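Residue-level listing of the chains:
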Amino acid sequence: MSTHRLSRKWWLPASLVVLVAAVALGAMIGPAGGISSANWRIVWNIRLPRVALAGVVGAMLSLAGASYQGVFRNPLVDPYLLGAAAGAGLGASLVFVYARSGTSGWPVDPLPLAAFLGALAAVFVTYTVGASFGGSSLSLVLAGVAVAALATAVQQFLLLRHSDVIKEVYSWISGRVNTATWSDVRLVLPYVVISGAVLLVHRRHLDVLRVGDEEASTLGSEVRRIRLVVVIAATLGTAAVVSVSGLIGFVGIMVPHLVRLVAGSSYRLVLPLSIVVGAAFLILADIPGRVLQHGGETPIGVVTALVGAPMFIFVLRSRRAVA
Amino acid sequence: MSSLGFECLNVRYGTQEALYAFTDQVKPGEWLCLIGPNGAGKSSALRAVAGIVPHRGNITVDGAPLFERSPRRRAALVAYVPQSPLMPDDMTGGEYVLLGRNPYIGYFGSETKHDRALVADVLDRLDLRAFADRRLGTLSGGERQRLVIARAVAQEAPILLLDEPTSALDIGHQQQALELVDRLRREHGLTVVSAMHDLTLAGLYADRLALLHQGHVVASGDAAHVLRPETLSEFYGVSVSVHHEPDGTVVVVPRRSSV
């Protein structure tokens, strides 16, 4: 394990290099060909906002996933654990069903707003219900399961009665960054920056929580307060990126895992690395979608799972063989 | 050195009363060992002081109520070694012991040079230097137990609570762990309260024993006073013979019922 310790300080610079390469690739590849033949305006107005949004979304989902895994001491948890995805899905469905036709005159697009509020509302209900059962991480997780099931059921009921919007809703749920504009990036960036700063402050606390709620409290940590603050911050960031990109799955679980496999599981390293690797991963995952299908695009949420899952299994297997 | 006082301490789980009106005064530098059959309330008393189960009554350190202090201040006064600590497999020994410095680090802060130097010193003194970079999952039970004690030492609390510190160890490592606690107690003037099942070891290391039965203290005093065959028979339902060695050691030996 000594090589693993020695190389620790190189992980962050190395992952930053990968991120820069991903940004360059993301700017160069597209239906209009290489960068030389493309108009710079295409790069600036179409490809770069898309790269930027993919980076921000990937970074946020990975960071939120790692943070959730820390406060719930469960590596299989993702940022949608407490109902954020189901809430956002329900919020978006409500807009597609009831408000889509007459929204062009609205001052703000109601779709991201509804998804954002839906995600926050679902997690708020989960936390309130879970706290009334004692507030342990298990009661929160169980409350999250119930709230997500309820929101999904309502959403399905709605969609069955308005089957004309099912395709749009599922397209939204699959996630996308291809319609990204700089204003999307500007919209989510403040939330992501605040959420990211708060979560990074808590990386040492997450390491203390690794010995369990009880022992962490005998070491002087106020476990419930830490969990509440981390969940609020992670949820705020997640809700913000979901509102513009839809439900991109798998990133929030997979990226922190990849990071742990190579760099160990101290949250001091896992959180910052998840930001960089998550951004690079989603930028790269956005590239095949542009060229796979002629005429249309494959949703990025589909690509993350299609490309990510086999890669993840491969990394897990090769790591086992080494260890 | 600090004293630890219990005034009419009650612990209950739901409707189940685990500890009734436990009152005791542990003197500075004293080692009190709680003994008694399973479910007698030994762990409950320790867990109440550690703040992980709710209690009624009063717990004082040097005469001042412990629970009027913040969790961080409490953790700087009382270090708790649980019966089965949760030790993440992929955390290194050094990272684990460093957690003992948590009470001294502000919410937005991180470990200082002093914290790291202190942990390195603790690892040296406990002969654990070799485990600083080893992952906990690769260590044996005895090695892990010494790291848990090292974490408690790094906490620099004057009061040390040990819940069954030797239950998972073989006889050699039991002795090693208790010798370590005894040495630390002398070097740092620690006040120790432990819960133990092995009566001979309890009598060997503790200054005073308190025998609990169904949440009540039924005997308290030195080993020769508490470890009597008739007392143990009454509260443990066992048949034992008790030998007194010339050096004052009290040895409790179970007797096989006649065949």
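Residues numbered from 1 in each chain as written. Chains lettered and ligands numbered in written order. Predicted model: local features only at pLDDT ≥ 70, side-chain atom pairs only at ≥ 80, totals over all residues.

1. A few points about the overall build of chain A
Okay, so step 1: When you go through chain A residue by residue, the secondary structure sums to 14 helices and zero strands.
Okay, so step 2: Going residue by residue from the N terminus, the α and β elements of chain A occur as α-α-α-α-α-α-α-α-α-α-α-α-α-α.
Okay, so step 3: Partitioning the contacts of chain A with sequence separation of at least 6, the portion at a separation of at least 24 is 78%. (Helix = DSSP H or I, 4+ residues; strand = E, 2+ residues; numbered from the N terminus. Contact = placed C-beta atoms within 7 Å.)

2. Quick look at the interface of chain A and chain B
Where interface size is given, it is often the accessible area lost as the parts come together that is meant.
Okay, so step 1: Contact residues are listed per partner, giving 20 residues for chain A and 21 residues for chain B.
Okay, so step 2: Ranked by residues supplied to the side of chain A that touches chain B, first place goes to helix H10 (residues 213–218) of chain A with four residues.

3. Quick look at the confidence of the model for chain A
Detail in the predicted coordinates should be disregarded across regions flagged by low pLDDT.
Okay, so step 1: Looking at chain A as a whole, its pLDDT mean stands at 84, while 89% of the residues score no less than 70.
Okay, so step 2: When the criterion is pLDDT under 50, residues 1–6 of chain A qualifies, and its contacts beyond four places in sequence or with other chains add up to five contacts. (pLDDT = per-residue confidence, 0-100.)

4. Some words on helix H5 (residues 110–132) of chain A
Okay, so step 1: Between its first and last C-alpha, H5(A) extends 32 Å over 23 residues, near the 33 Å set by a 1.5 Å rise per residue.
Okay, so step 2: Immediately beyond the C-terminal end of H5(A), within one or two residues, lies A:Gly134, with a positive phi of roughly 110 degrees. (Expected span 1.5 Å × (residues − 1).)

5. Quick word on the sheet that holds strand S6 (residues 78–81) of chain B
Residues and elements named next belong to chain B.
Okay, so step 1: Spatial strand order, S6-S7-S8-S3-S9-S10: six strands in an open sheet with mixed pairing. Pairing within the sheet leaves two strands with one partner each, and these edge strands are S6 and strand S10 (216–221). Recorded for the sheet is a direction-independent mean angle of 15 degrees between the axes of neighbouring strands.
Okay, so step 2: Pairing of strand S7 (residues 159–163) with strand S8 (residues 191–195), which is carried by five bridges, proceeds in the parallel orientation. Paired with Leu-162 across the bridge in S8 is Ser-194. (Pairing = 2+ DSSP bridges. Axes fitted to C-alpha atoms, helices over the stretch in contact; angles between N-to-C directions.)

6. Comments concerning the environment of B:Tyr96
Residues and elements named next belong to chain B.
Okay, so step 1: Mapped onto the fold, Tyr-96 is located in helix H3 (residues 93–98).
Okay, so step 2: Among the residues examined, Tyr-96 registers 27 C-beta atoms within 10 Å and is labelled buried.
Okay, so step 3: Along the backbone, Tyr-96 and Leu-147 are 51 residues apart, and their C-alpha atoms lie at a distance of 7.7 Å. (Buried ≥ 20, exposed ≤ 12 C-beta atoms within 10 Å, placed from the backbone.)

7. Comments concerning the sheet that holds strand S2 (residues 16–26) of chain B
Residues and elements named next belong to chain B.
Okay, so step 1: Strands sit in the order S2-S1-S4-S5 across an open sheet of four strands; the sheet is antiparallel. With partners counted over all chains shown, the strands left at the sheet margins are S2 and strand S5 (64–65), one partner each.
Okay, so step 2: Note that strand S4 (residues 56–61) and S5 share two bridges and pair antiparallel. Counted as the bridge partner of Thr-60 is Pro-65 from S5.

8. Overview of the packing of helix H3 (residues 40–71) of chain A against helix H8 (residues 182–201) of chain A
All names here are of chain A.
Okay, so step 1: Packing of H3 against H8 leaves a shortest axis separation of 10 Å and a crossing angle of 25 degrees. The angle between H3 and H8 places the two elements in the roughly parallel class. Judged by the sense of rotation from one axis to the other, the crossing of H3 with H8 is left-handed. Residues Pro-49, Ala-52, Leu-53, Val-56, Met-60, Leu-63 and Ser-67 of H3 form the contact with H8, whose own contacting residues are Trp-182, Asp-184, Val-185, Val-188, Leu-189, Val-192, Ser-195, Gly-196 and Leu-199.
Okay, so step 2: Taken together, the residues that form the contact of H3 with H8 break down as twelve nonpolar, three polar and one charged. (Parallel < 35°, antiparallel > 145°, perpendicular 65-115°, else oblique. Left-handed = near helix turned anticlockwise from the far one by under 90°. Nonpolar A, V, L, I, M, F, W, Y, C, P; charged D, E, K, R; others polar.)

9. Describing the nonpolar core
Okay, so step 1: Ranked by size, the top nonpolar core spans 178 residues in total, and within it A:Val56, A:Val57, A:Ala84, A:Ala119, A:Val241, B:Val78 and B:Leu161 carry the most contacts.
Okay, so step 2: For this core, the element with the highest residue contribution is helix H13 (residues 267–292) of chain A, accounting for 16 residues.
Okay, so step 3: Beyond its immediate sequence surroundings of up to four residues, A:Val56 is in contact with A:Val185, A:Val188, A:Leu189, A:Val192 and A:Val241. (Core = buried A, V, L, I, M, F, W, Y, C linked by C-beta atoms within 7 Å.)

10. A short note on H8(A)
Okay, so step 1: Helix length check: H8(A) (20 residues) gives 28 Å between terminal C-alpha atoms against 28 Å at 1.5 Å per residue, within 8%.
Okay, so step 2: All of the buried residues along H8(A) are A:Asp184, A:Val185, A:Val188, A:Tyr191, A:Val192, A:Ser195, A:Gly196 and A:Leu199.

11. Digging into the pairing of strand S3 (residues 31–35) of chain B
Residues and elements named next belong to chain B.
Okay, so step 1: Burial analysis of S3 places five of its five residues in the buried class, the great majority of the element.
Okay, so step 2: Going residue by residue along S3, you find Trp-31, Cys-33 and Ile-35 tucked away on one face and Leu-32 and Leu-34 tucked away on the opposite face as well.
Okay, so step 3: Pairing geometry for S3 and S8, over four bridges, is parallel. Within the sheet, the bridge partner assigned to Leu-32 lies in S8 and is Val-193.
Okay, so step 4: Examined bridge by bridge, S3 and strand S9 (residues 208–213) share four bridges and lie parallel to one another. Across the sheet, Leu-32 pairs through a bridge with Arg-208, a residue of S9.

12. Some thoughts on the environment of B:Leu77
Residues and elements named next belong to chain B.
Okay, so step 1: Residue placement: Leu-77 occurs in helix H2 (residues 71–77).
Okay, so step 2: Among the residues examined, Leu-77 registers 20 C-beta atoms within 10 Å and is labelled buried.
Okay, so step 3: When neighbours within four sequence positions are excluded, Leu-77 is seen to be in contact with Ser-2, Val-61, Leu-66, Ala-157, Pro-158 and Ile-159.

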